[in-house]
Amino acid sequence: MLDDMGICVLTRDIILFLLDRDRGIFRSGEELAKIAGVSRAAVGKQVSHMKKEGIPIMSRRSTGYMLPHSADVIVAERLRRGLSGIVDVQIHEYDEVGSTNDVAGDMARIGAGEWSVVVAETQHAGKGRLGRAWDSQRGGLWLSVVLRPDMPPRSVPLLSLLAGLSVANTINEHTGLDARVKWPNDVKLNGKKVCGILSTMSADAQKVHHCVIGIGINVNNPILNDLQGIATSLSQESCGKMGDRRIVDRTDMLTILLRIMKTEYDTFQTDNGTSMLKRWRSLSETLGRNVTVVSADSSISGLAMNVDSDGGLIIRTPDGETLTVHAGDCLI
Ligand code: BTN
């Protein structure tokens with residue numbers, strides 16, 4: 001089938017889009033086949049693939065197929081339509097990958113354009129900062145965005161700040177919660193980590209060839225027991241008074257995130273990050289606090305004063321010295 005812009009839409013994506021649009025209503029295989037421009041057998045085949053991936057589509061003999069309201073699934077075609085005309089985005093959606101950063105990095109090396117986005121329902125080798133593993137169970141938002149910024153390699157950490165700021169603003173806009181950014185790359189809710197960012201780049205001394213901005217947001221996924229005190233999810237934080245967990249719509253969240261990120265990135269390219277840094281500072285839970293930044297070869301403690309124009313953290317130590325740190329774990 002061709003969409004409004006004449007682009008060929010995958011049969012799977014169009015069937016899921018139609019079932020998502022009419023959640024709670026049974027649609028006949030014949031009707032879906034007609035709209036998707038395929039046979040009824042092809043519809044049946046796609047539905048059973050999706051069920052194997054864990055999408056809880058209900059089938060009823062001689063009635064058809066239905067997606068329940070409660071189904072938590074990323075609907076790639078709804079996402080594309082929500083971004084159409086705003087972000088010229090290429091969405092590559094997977095059920096399972098090792099790491100979306102690796103997939104996006106491979107795509108970038110063979111020429112994928114800016115705003116190629118890799119999103120997966122689950123990662124079996126999700127990567128965190130400083131060589132750590134990143135738990136990526138189903139229900140989270142695990143994505144990587146390819147960018148090709150015209151900037152020197154030393155400024156690339158600014159893109160991680162930009163991504164963190166965009167995630168915090170998305171959460172605040174979409175859920176009404178009060179998300180804050182923590183230097184360098186975390187987003188926090190009520191003092192607990194809800195999102196981490198891992199950026200990689202390919203560059204020579206002067207020029208960046210491409211960056212991969214990897215974003216992991218705990219949305220409806222369970223939080224591992226040993227992380228309960230320090231990490232949280234949007235669903236956990238949006239609990240009702242009765243402790244009932246809300247399922248947060250990940251497709252809507254991702255749509256808003258990519259829109260906000262694109263707007264931030266466009267502005268960033270015109271003012272080299274000045275206004276983004278201003279917004280980052282006003283959502284920061286790091287500045288004005290006593291911190292210790294631990295890196296491979298040092299540990300620096302002091303008052304977090306500011307972030308500089310390359311995203312480094314400016315710290316005033318107890319003996320009055322002012323230092324800038326560019327990487328490390330920031331303990332508050
Ligand atoms: C951190 O340690 O805080 C950074 C975590 C980054 C996780 C995201 S999930 C999507 C992308 N793919 C990965 O393997 N890692 C990043």
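Since we're looking at a predicted model, the values are computed, not measured.

A.B. asks: Tell me about the overall build of the chain, and please be specific about residues and values.
C.D. replies: Per the secondary structure count, the chain includes 9 helices and 14 strands. Within the span of the chain, comprising 332 residues, buried residues form 51% of the whole. A fraction of 64% describes how many contacts in the chain between residues 6 or more apart in sequence connect residues 24 or more apart. Carbon together with sulfur atoms contributes 51% to the accessible area of the chain, which is approximately 15400 Å² in total. Side chains of the chain carry 38 positive and 39 negative charges; the gap between the two charge centres is 5 Å.

A.B. asks: Account for the packing of helix 6 (residues 157-175) against helix 8 (residues 250-271), with residues named and values stated.
C.D. replies: Taken N-terminus to C-terminus, the directions of helix 6 and helix 8 make an angle of 135°; their axes are 9 Å apart at the nearest point. It follows that helix 6 is oblique to helix 8 by the angle criterion. Two packed elements cross with a definite hand, and for helix 6 against helix 8 that hand is right-handed. Contact residues: helix 6 offers Leu158, Leu159, Leu162, Ala163, Leu165, Ser166, Val167, Asn169, Thr170, Ile171, Glu173 and His174, while helix 8 offers Asp252, Met253, Ile256, Leu257, Ile260, Met261, Glu264, Tyr265 and Phe268. Among the residues forming the contact of helix 6 with helix 8, the class breakdown is 14 nonpolar, 4 polar and 3 charged.

A.B. asks: Can you lay out unusual backbone geometry for me, pointing to particular residues and giving the numbers?
C.D. replies: A cis amide bond, omega 0°, links Trp183 with the succeeding residue Pro184. Tracing the sequence through the fold places Pro184 in the loop between strand 6 (179-182) and strand 7 (186-189).

A.B. asks: Got a sec to walk through the sheet that holds strand 11 (residues 299-307)? Specific residues and values, please.
C.D. replies: In spatial order, the strands read 13-12-11-10-14; together these 5 strands make up an open sheet with antiparallel pairing. Edge strands, defined here as strands with exactly one partner in the open sheet, are strand 13 (322-325) and strand 14 (329-331). Ignoring which end each strand starts from, the neighbouring axes of this sheet average 45° apart. As judged from the 4 bridges shared by strand 11 and strand 12 (residues 313-316), these two strands associate in the antiparallel manner. When the sheet's bridge partners are listed, Ala304 is paired in strand 12 with Ile315.

A.B. asks: Quick one: what's the story with the environment of Gly216, residue by residue and with numbers?
C.D. replies: Topologically, Gly216 is positioned in strand 9 (residues 208-217). Residue Gly216 is classed as buried on the basis of its relative accessible area, which comes to 5%. Through-space distance from the C-alpha of Gly216 to that of Gly128 is 9.0 Å; in sequence the pair is 88 residues apart. Dropping the residues within four chain positions of it, Gly216 is found in contact with Trp134, Leu141, Trp142, Val194, Cys195 and Gly196.

A.B. asks: Let's hear about the site of the ligand: which residues, and what values?
C.D. replies: Surveying the vicinity of the ligand reveals 19 residues, the closest of which are Ser99, Gln123, Lys127, Arg129 and Lys193. Lys127 places a polar main-chain atom, nitrogen or oxygen, 2.7 Å from an oxygen atom of the ligand. Between Lys193 and the ligand, the recorded distance is 2.6 Å, taken from a side-chain N or O atom to an oxygen atom. When the ligand is considered free in solution it has 420 Å² of accessible area, and contact with the protein chains removes 98% of it. Among the secondary structure elements, those contributing two or more residues to the shell around the ligand are helix 5 (100-109), strand 5 (141-147), strand 8 (192-203) and strand 9. Here the shell around the ligand gets 4 residues from one element, more than from any other, and that element is strand 8. Residues belonging to the shell around the ligand are distributed by class as follows: 5 nonpolar, 10 polar and 4 charged.

A.B. asks: Any chance you could break down the domain arrangement of the chain for me, citing the residues and the numbers?
C.D. replies: When the domains of the chain are assigned, the result is domain 1 (9-66), domain 2 (76-282) and domain 3 (290-331). Taken over C-alpha atoms, the centre of domain 2 sits 24 Å from the centre of domain 3. Each side of the interface is counted separately: domain 2 has 14 residues, and domain 3 has 15 residues. Both sides together, the interface formed by domain 2 and domain 3 hides about 1100 Å², and carbon and sulfur atoms give 52% of it. Three residues, Arg154, Trp183 and Arg281, lead the burial of domain 2 against domain 3; their summed loss comes to 48% of the area buried on that side. Taken together, the links from domain 2 to domain 3 amount to 3 salt bridges. Residue Arg129 is joined to Asp329 by a salt bridge in which the shortest nitrogen-to-oxygen separation is 3.6 Å. Remark: the boundary between domain 2 and domain 3 carries 8 residue pairs in polar contact (both at pLDDT 80 or more).

A.B. asks: Tell me about helix 1 (residues 11-21), residues and numbers included.
C.D. replies: In terms of residue burial, helix 1 counts as a mostly covered element, since 9 of its 11 residues are buried. Among the residues making up helix 1, those that are buried are Arg12, Asp13, Ile14, Ile15, Leu16, Phe17, Leu18, Leu19 and Asp20. Check the buried side of helix 1 and you find it contacts helix 2 (29-36), helix 3 (40-53), strand 2 (64-66), helix 4 (76-83) and strand 3 (90-97).

Definitions and limits used
Residues numbered from 1 in each chain as written. Predicted model: local features only at pLDDT ≥ 70, side-chain atom pairs only at ≥ 80, totals over all residues. Heavy atoms only, no water. Helix = DSSP H or I, 4+ residues; strand = E, 2+ residues; numbered from the N terminus. Buried < 20%, exposed > 50% of the residue type's maximum accessible area, 1.4 Å probe, protein only. Contact = heavy atoms within 4.5 Å. Areas by Shrake-Rupley, 256 points an atom, 1.4 Å probe, with all protein chains shown as cover. Lys, Arg positive; Asp, Glu negative; His and termini not counted. Charge placed at Lys NZ, Arg CZ, Asp CG, Glu CD. Axes fitted to C-alpha atoms, helices over the stretch in contact; angles between N-to-C directions. Parallel < 35°, antiparallel > 145°, perpendicular 65-115°, else oblique. Left-handed = near helix turned anticlockwise from the far one by under 90°. Nonpolar A, V, L, I, M, F, W, Y, C, P; charged D, E, K, R; others polar. Pairing = 2+ DSSP bridges. Near = heavy atom within 4 Å. Polar contact = N/O pair within 3.5 Å; in protein donor to acceptor, adjacent residues only side chain to side chain. Domains from an automatic or database assignment. Buried area = accessible area lost by both parts, 1.4 Å probe. Salt bridge = Lys/Arg side-chain N within 4 Å of Asp/Glu carboxyl O.

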